[in-house]
Amino acid sequence: MIQIPKGCKDMLPADAYLWQAVEDTARESAKLYGFKEIRTPVFEHTELFLRGVGDTTDIVNKEMYTFLDKGGRSITLRPEGTAGVARAFVENGLQGGAMPFKAYYLISAFRYERPQAGRLREFHQFGAELYGAASPVADAEAILLASHFLRELGLEQYTTLRLNSIGCKSCRARYAEALRAYFRPHIGEMCEDCRERLEKNPMRILDCKNEGCKKFTSGAPSMLDYLCDDCRAHFDAVKSLLDTSGIGYTVDPRIVRGLDYYSRTVFEFTTDLIGAQATVLGGGRYDGLLEQMDAKPTPAVGFAAGIERLLLALQALDAPFAERLPDVYIAGMDATSRVRALSLAEQLRGAGLITECDLMDRSLKAQFKYADKLGVRFVVVLGEEELASGEAQVKHLSSSTAERVKFDEIAQYIKEYRRRK
Ligand code: HAM
């Protein structure tokens, strides 16, 4: 049998309601904060990610799905959403439009990573990007949207916001020197990637997944000691805006993020509910990226949440979401009744009730069994006598009560019954 590729997951109908709850919550949250949806291609020219995500990152160096198309162009399946949104913004001339620009997306993304719980090769993200605002208020707004979203999902008390600043280019240059000095004596014992990182981008060492390297990173200097006055003032302002908004956070100088485009504020929301891949949402400010895409300098801030990780967290809890079960099953005792059942079903669906009827010529007993499996609340049985009188018993399964109701009044009857209960 042909099997699903490693690191991918089928979303099965039984879990659809939870996916949809997360997606609906994402859309509703984004809308409340004035973000509109943007859709960009699943694949882009490889160059976009080399320039956007950065060529010292694991994503670009090890994890991209890159191939030549039939025209010989190098194409990459998007490993994340930010670079594509930046390209679309520039290419469609949106810089000339109203600012700030605020867009959100629900996408699939692809990374060739070692699969484990919460780490997939095809995964999904809810992301939001805000362009044009350099003020710390914009950082706070992105974080407020992220925490509103997690609160609406019922995950607020199970997540921790970790906040850091990685400063601007000049703070990072000084910090990089401090890191080189710190790691140099140990570099012989560290992995080959870290040896390369030492010169190219020593901050990446802090993010190394290799256990042998991790033991050296714990005593490394903290970025926060190298912030320039402007970056420090920006970070202090973000923290005080979060304080005023009642958003709790932990300052964590270990948060460096796995992408090169960040500057100043970076943040992650982590949870204890889902094991090692604990980050459910990550983001930050990236003031240099749009300029790198040949746009005029445009400050930017945003985040993305991993949908599969959120689902794992919700499944670990008594999630505040329930599937809407079918309202009515219309059983037919004979062939003629089954035909009438189909038209009555259409009438009830027209009134907004989820309605099922027999499609498999089953016996009445088997139809009841199926209705029970579906979790239906009401069953209407049609036979010769019901067709003649235009009335049928509406049975309420869980209370075992039944009432005779005219066909045309069944929809209203069920709606009333539901309202009363
Ligand atoms: P990221 O931290 O690489 O950031 O990914 C964001 C979230 O996507 C992670 O926190 C995690 O929940 C989820 N995620 C990442 N990789 C995987 C994977 N292999 N399997 C399952 N879930 C995963 C970004 O992608 C940035 N573009 C976020 C951003 C937007 N920054 C500014 N704007």
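The rules behind each value
Residues numbered from 1 in each chain as written. Predicted model: local features only at pLDDT ≥ 70, side-chain atom pairs only at ≥ 80, totals over all residues. Heavy atoms only, no water. Pairing = 2+ DSSP bridges. Helix = DSSP H or I, 4+ residues; strand = E, 2+ residues; numbered from the N terminus. Contact = heavy atoms within 4.5 Å. Axes fitted to C-alpha atoms, helices over the stretch in contact; angles between N-to-C directions. Salt bridge = Lys/Arg side-chain N within 4 Å of Asp/Glu carboxyl O. Near = heavy atom within 4 Å. Polar contact = N/O pair within 3.5 Å; in protein donor to acceptor, adjacent residues only side chain to side chain. Nonpolar A, V, L, I, M, F, W, Y, C, P; charged D, E, K, R; others polar. Domains from an automatic or database assignment. Phe/Tyr/Trp six-rings, centres within 6.5 Å; stacked < 30°, edge-to-face > 60°. Buried < 20%, exposed > 50% of the residue type's maximum accessible area, 1.4 Å probe, protein only. Lys NZ or Arg CZ within 6 Å of the ring centre and 35° of its normal.

(A) Representation of the sheet that holds strand β9 (residues 265-271). Here 8 strands make up an open sheet; going across it, the order is β1-β5-β6-β11-β10-β9-β7-β8 and the pairing mixed. Of all strands in the sheet, those with a lone pairing partner are β1 (36-37) and β8 (250-251), marking the two edges. Bridge analysis of β1 against strand β5 (residues 101-110) gives 2 bridges, and the strand direction is parallel. Note that in β5 the partner of Lys36 across the bridge is Ala103. Across the face of the sheet, helix α1 (residues 16-32) comes into contact with β1, β5 and β6 (122-131) while running at roughly 160° to β5. Helix α5 (residues 136-152) contacts β5, β6, β7 (159-165), β9, β10 (279-285) and β11 (300-306) of the sheet and is inclined by roughly 15° relative to β11.

(B) Geometry of the pattern of salt bridges. A full pass over the atoms with the stated rule returns 36 salt bridges. Among the ionic pairs, Asp58 bridges to Arg197, the shortest N-O distance being 2.9 Å. One end of the pair, Asp58, is in helix α3 (residues 58-63); the other, Arg197, is in helix α7 (residues 192-200), with 139 residues separating them in the sequence. Salt-bridge contacts for Asp287 lead to Arg285; the nearest nitrogen and oxygen are separated by 2.8 Å.

(C) Structural view of the site of the ligand. The full set close to the ligand counts 26 residues, and Glu80, Thr82, Glu113, Glu129 and Tyr262 are the nearest of them. Taking Phe303, its main chain carries an N or O atom lying 3.3 Å from a nitrogen atom of the ligand. When residues in the shell around the ligand are grouped by element, the largest group, 5 residues, is from β10. The residue makeup of the shell around the ligand, split by class, is 11 nonpolar, 8 polar and 7 charged.

(D) Up close: the domain arrangement of the protein. The domain architecture assigned to the protein consists of domain 1 (13-168 + 228-316) and domain 2 (328-420). A straight line from the C-alpha centre of domain 1 to that of domain 2 covers 48 Å.

(E) Representation of the packing of aromatic side chains. Counted according to the given criterion, the structure contains 15 aromatic pairs. Taking the centre distance of 5.0 Å and the plane angle of 75° together, the rings of Tyr182 and Phe183 count as edge-to-face. Since its relative accessible area comes to 23%, Tyr182 is described here as partly exposed. According to the relative accessible area criterion, Phe183 is buried, its value standing at 0%. Taken together, Phe89, Phe101, Tyr131, Tyr261, Tyr262 and Tyr286 form an aromatic cluster joined through their ring pairs. Over the ring of Tyr112 we find Arg121, and its NZ or CZ is 3.9 Å from the ring centre. In this structure, Arg362 packs its charged tip against the face of Tyr370, placed 5.0 Å from the ring centre.

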